[in-house]
Amino acid sequence: MAEVQVQEKGGKGGKVRSKKQNTRVDMTPMVDLGFLLITFFMFTTTFSKPNVMDLGLPAKPKDETKKPPPTEIKLSNSISILLGKDNRVFWHQQDATSLNDQTLMETTLDREGIRKVIQQAKSRAADQTKFTVIIKPTDDAVYKNFVDILDEMAITKSEQYGVTDIKPWEKAIYEKKVGGAAAPAATK
């Protein structure tokens, strides 16, 4: 703890003239206490928890050898959304033979853009209960745009949607459209 040292100074006659006290404080217990407090607060603190997005993925089949039959989605009950580079979003309701750079439409990621497109396509669907949105991110797409599209699925109450790779025939039209047009097109 603290120590007090007394020094005696003697004069010529051996008399004690004055007593000076030197104090020295030992800081070791205080440092120990500081480290104990830091350790206590580190172990009792809750660190920031990661944000997790819930994706409703289908359950894996119990028998891996049996594959489910491929699901055929009619064009009148679906819309394909292509996420491109530079925050560009394209959509179509065409097959491989009828898709071209005029029928691949571009829109934006806001309520007047993709939200309106999804709502209009859903209202025009032959069977609205089977309406499906097919999301196809390109290699140039950013994760933020993918999350925005998933948010739009929740906003528009589109419960049936899927995420898949872009088809080669779509990629060819997409690259032609992105390479040829510099300005974003208007929303249809």
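Residues numbered from 1 in each chain as written. Predicted model: local features only at pLDDT ≥ 70, side-chain atom pairs only at ≥ 80, totals over all residues. Heavy atoms only, no water.

Colleague: For this particular structure, what's the right way to read the packing of aromatic side chains?
Modeller: The geometry of an aromatic ring pair is captured by two quantities: the separation of the ring centres and the angle between the planes. Overall, the coordinates contain three aromatic pairs when judged by the stated rule. Seen in terms of ring centroids, Phe90 and Tyr174 are 5.6 Å apart; in terms of plane orientation they differ by 80 degrees. Their pairing is edge-to-face. Taken together, the residues span a long stretch of sequence, with Phe90 in strand β4 (residues 89-92) and Tyr174 in helix α4 (residues 168-180) at a distance of 84 residues. Both residues of the pair, Phe90 and Tyr174, count as buried. (Phe/Tyr/Trp six-rings, centres within 6.5 Å; stacked < 30°, edge-to-face > 60°. Helix = DSSP H or I, 4+ residues; strand = E, 2+ residues; numbered from the N terminus. Buried < 20%, exposed > 50% of the residue type's maximum accessible area, 1.4 Å probe, protein only.)

Colleague: Mind showing me how you'd approach unusual backbone geometry here?
Modeller: A negative phi holds for most residues other than glycine; trans holds for most peptide bonds. Positive phi outside glycine occurs at Asn87, with the angle close to 60 degrees. The topology assignment puts Asn87 in the loop between β3 (78-83) and β4. The phi angle at Lys157 is positive, at roughly 55 degrees, despite the residue not being glycine. You can see Lys157 is positioned in the loop between α3 (143-155) and β7 (161-163). Judged by relative accessible area, which is 62%, Lys157 ranks as exposed.

Colleague: Is there a simple way to explain α3 in this structure?
Modeller: Residue pairs three or four apart in sequence face the same way in an α-helix, which turns once every 3.6 residues. End to end, α3 covers 19 Å across 13 residues, agreeing with the expected 18 Å (1.5 Å per residue, within 8%). Along α3, the residues that are buried comprise Asn145, Phe146, Val147, Asp148, Ile149, Leu150, Glu152 and Met153. As for α3, its buried residues are in contact with β3, α2 (114-124), β6 (132-137) and β7. Positive phi appears at Lys157, one or two residues downstream of α3, with a value of about 55 degrees. (Expected span 1.5 Å × (residues − 1). Contact = heavy atoms within 4.5 Å.)

Colleague: How do you make sense of the side chain of Lys136 when you look at a structure like this?
Modeller: Here Lys136 lies in strand β6. Look at Lys136 and you get buried, because its relative accessible area is 5%. The residues contacting Lys136, other than those within four sequence positions of it, are Ser80, Ile81, Leu82, Leu83, Thr164, Asp165, Ile166, Lys167 and Glu170.

Colleague: What is the right way to read the pairing of β3 from this model?
Modeller: Every regular strand shows the same layout, with side chains that alternate between the two sheet faces. Counting buried positions along β3 yields six of six residues, so the element is predominantly enclosed. Neither face of β3 is exposed, since Ser78, Ser80 and Leu82 on one face and Ile79, Ile81 and Leu83 on the opposite face are all buried. For β3 and β6, the ladder comprises six bridges, and the chain directions are parallel. Bridge assignment links Leu82 to a residue of β6, and that residue is Lys136. With four bridges joining them, β3 and β4 adopt antiparallel strand pairing. For Ser80, the partnering residue across the bridge sits in β4 and is His92. Joining the antiparallel neighbours β3 and β4 is a turn of five residues, in which Asp86 adopts a positive phi near 55 degrees. (Pairing = 2+ DSSP bridges.)

Colleague: Explain the sheet that holds β7 to me, please; I cannot follow it from the model alone.
Modeller: With mixed pairing, the five strands of this open sheet are ordered in space as β5-β4-β3-β6-β7. Whereas interior strands pair on both sides, the edge strands pair on one side only; in this sheet they are β5 (105-107) and β7. For this sheet the average axis-to-axis angle between neighbouring strands, irrespective of direction, equals 25 degrees. Sheet contacts for α2: β3, β4, β5 and β6; angle to β3, the most-contacted strand, approximately 160 degrees. Sitting on the sheet, α3 is in contact with β3, β6 and β7, with an inclination near 175 degrees to β6. (Axes fitted to C-alpha atoms, helices over the stretch in contact; angles between N-to-C directions.)

Colleague: Where do I start with the confidence of the model for the protein chain in this structure?
Modeller: A low pLDDT means the predicted coordinates there should not be read in detail. For the protein chain, per-residue confidence averages 78 on the pLDDT scale, and residues scoring 70 or more make up 76% of the total. When pLDDT is averaged over each element of the protein chain, helix α1 (residues 28-44) comes out on top at 91 and strand β1 (residues 2-10) at the bottom at 56. Note that pLDDT drops below 50 for residues 181-188; the model gives that stretch 14 contacts with residues more than four away or on any other chain. (pLDDT = per-residue confidence, 0-100.)

Colleague: Would you explain the UniProt feature "transmembrane region" (unreviewed entry) in the protein chain in this entry?
Modeller: The positions that UniProt labels "transmembrane region" (unreviewed entry) are, in the present scheme, residues 25-43. Here residues 25-43 is 84% helix and 5% strand, with 30 Å between the C-alpha atoms at its ends. (UniProt positions renumbered as here; feature names shortened; annotations may be inferred.)

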